[in-house]
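One-letter residues, chain by chain:
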Amino acid sequence: AQSVTQLGSHVSVSEGALVLLRCNYSSSVPPYLFWYVQYPNQGLQLLLKYTSAATLVKGINGFEAEFKKSETSFHLTKPSAHMSDAAEYFCALKAAGNKLTFGGGTRVLVKP
Amino acid sequence: DTGVSQDPRHKITKRGQNVTFRCDPISEHNRLYWYRQTLGQGPEFLTYFQNEAQLEKSRLLSDRFSAERPKGSFSTLEIQRTEQGDSAMYLCASSLGGQYYEQYFGPGTRLTVT
């Protein structure tokens, strides 16, 4: 069975500080991994994706993520948080089949 | 490109009523997905279409739920005899086939069952 675990349901960072959101996955086949962002009462917007090419993936809005097979992780980072980064972030896995399996989400609060 | 659209954005209904939601995918996308998201949780997969064929259904999709994509373009999701536990955000996504795996999501339909 495939699964995604996001460590920390809430993260609070100061504006300008590093944002680090953790994602670990379990999959019996090589995974494709995604990070999405969701603003209140909106759908999900794709931030970035890993599809077995480069292990360090750059996305929109200054975010990047690194795929580490040995650690079964795909953590999301941004060097300097901005107030507009306050949102909920979801890590998702596509393994066998076409559906996405999502983690529980991490809500980011940015303090001025 | 107008993105994935969903209608209505909000629906309030009384328990026992039937509701129907519509999703219009990105025009060239042949794959369409439905997910359900409850408060504080990640989206959960409900069902998936490739063109007009419904290829996969989750066990979450009880017999009160039915989805169609009759001409391989827009899709509808109907819930019969709604229950309070059906209250959730219903998200639609679409994607190209083949090597293009990323799914693009619509704004969702928030259902409240009173």
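Going by the structure above, here's the rest.
Thresholds applied
Throughout this document, residue positions are counted from 1 along each chain, in the order its sequence is written. Here chains are named by letter from A upward and ligands by number from 1 upward, in the order in which they appear as written. Predicted model: local features are reported for residues with pLDDT of at least 70 only, side-chain atom pairs are reported and counted for 80 or more only, and whole-chain, interface and lining totals are derived from all residues. Hydrogen atoms and water are omitted, and side-chain values are computed over all heavy atoms in the structure. The distinction between a cavity and a pocket rests on a 1 Å grid over the protein atoms alone: a 1.4 Å probe fits inside a cavity but cannot get out, while a pocket stays open yet meets protein on both sides within 12 Å along at least five of seven lines, and a residue with an atom within 4 Å of a point counts as lining. Grid points are joined across faces, edges and corners, and a volume is the space filled by probe spheres set on the points. For this classification, Asp, Glu, Lys and Arg are treated as charged, while Ala, Val, Leu, Ile, Met, Phe, Trp, Tyr, Cys and Pro are nonpolar and the rest, including Gly, are polar. Whether two residues touch is decided by their heavy atoms; if any such pair falls within 4.5 Å, the residues are in contact. Here the buried area means the combined drop in accessible surface, using a 1.4 Å probe, for two parts upon being joined, counting both sides. Basic side-chain nitrogens of Lys or Arg form a salt bridge, by our definition, when they fall within 4 Å of a carboxyl oxygen of Asp or Glu. Side-chain atoms alone can form a polar contact between residues adjacent in sequence; in general such a contact is a pair of N or O atoms within 3.5 Å, and within protein one must be able to donate a hydrogen while the other accepts it. The helix and strand labels rest on DSSP assignments: H or I over at least four residues marks a helix, E over at least two residues marks a strand, and numbering proceeds from the N terminus. Strands are treated as partners if at least two bridges between them are detected by DSSP. Think of each axis as a best-fit line through the C-alpha atoms, taken over the contacting stretch in the case of a helix, with angles from 0 to 180 degrees between the N-to-C directions. Cysteine sulfur atoms are paired as a disulfide whenever they come within 2.5 Å of each other. Think of it in three bands: residues with accessible area under 20% of the maximum for their type are buried, residues over 50% are exposed, and the middle band is partly exposed, with areas taken using a 1.4 Å probe on protein chains only.

Scanning the model with the defined rule gives one cavity of 30 Å³ or more in all. Looking at the largest cavity, its volume works out to about 30 Å³. Taken together, A:N41, B:R9, B:H10, B:M89, B:P107, B:G108 and B:R110 form the lining of the largest cavity. Here the lining of the largest cavity is composed, by residue class, of two nonpolar, three polar and two charged.

Moving on, we come to the interface of chain A and chain B. Often, the extent of an interface is quoted as the loss of accessible area upon association of its parts. Each partner contributes to the interface: chain A provides 19 residues, whereas chain B provides 21 residues. In total, about 1700 Å² of surface goes out of reach between chain A and chain B, with carbon and sulfur atoms giving 56% of it. It is A:N41, A:N98 and A:K99 that lose the most area in chain A upon contact with chain B, and together they represent 30% of the buried surface on that side. Seen at the junction of chain A and chain B, the total is one salt bridge. A salt bridge links A:K49 to B:E102; the nearest nitrogen and oxygen atoms lie 2.8 Å apart. The interface formed by chain A and chain B includes eight residue pairs in polar contact (both at pLDDT 80 or more). Sorting the residues of the side of chain A that touches chain B by element identifies strand 4 (32-38), strand 5 (44-50) and strand 9 (87-94) of chain A as the ones contributing at least two each. Among the elements that make up the side of chain A that touches chain B, the one with the highest residue count is strand 4 of chain A (four residues). Among the residues making up the side of chain A that touches chain B, the classes are represented as eight nonpolar, eight polar and three charged.

On to the sheet that holds strand 3 (residues 19-26) of chain A. Residue and element names in this part refer to chain A. Pairing is antiparallel in the open sheet, where five strands are placed in the order 1-3-8-7-6. Each edge of the open sheet carries a strand with a single partner, namely strand 1 (3-7) and strand 6 (56-58). Ignoring strand direction, the axes of neighbouring strands in this sheet form an average angle of 20°. Where strand 7 (residues 64-68) lies against strand 8 (residues 73-78), five bridges are found, and the strand directions are antiparallel. Residue pairing across strands places K68 opposite S73, the latter belonging to strand 8.

Let us now look at the state of the cysteines. Inspection of the entire model under this criterion finds two disulfides over all chains. There is a disulfide in this structure between A:C23 and A:C91, and the S-S distance comes to 2.0 Å. Residues A:C23 and A:C91 are joined through a disulfide that is left-handed, its torsion about the S-S bond being -65°. Of this pair, A:C23 sits in strand 3 while A:C91 is found in strand 9, placing the two residues 68 residues apart along the sequence. Across this residue pair, the class does not change: A:C23 and A:C91 are buried. Put simply, B:C23 and B:C92 are joined by a disulfide, and their sulfur atoms are 1.8 Å apart. On the sign convention where negative means left-handed, the S-S torsion of about -70° between B:C23 and B:C92 marks this disulfide as left-handed. In this pair, B:C23 is assigned in strand 3 (residues 19-24) and B:C92 in strand 9 (residues 88-95), connecting sequence segments 69 residues apart. As far as the burial class goes, B:C23 and B:C92 line up, both buried.

Residue and element names in this part refer to chain B. A large share of strand 4 (residues 31-37) lies buried, amounting to seven of its seven residues. Of the two faces of strand 4, the one holding R31, Y33, Y35 and Q37 and the one holding L32, W34 and R36 are both buried throughout. Pairing geometry for strand 4 and strand 5 (residues 44-50), over six bridges, is antiparallel. Paired with R31 across the strands is Q50, a residue of strand 5. Once strand 4 ends, the chain turns through six residues before running back antiparallel as strand 5, passing G40 with a positive phi of about 80°. With seven bridges joining them, strand 4 and strand 9 adopt antiparallel strand pairing.

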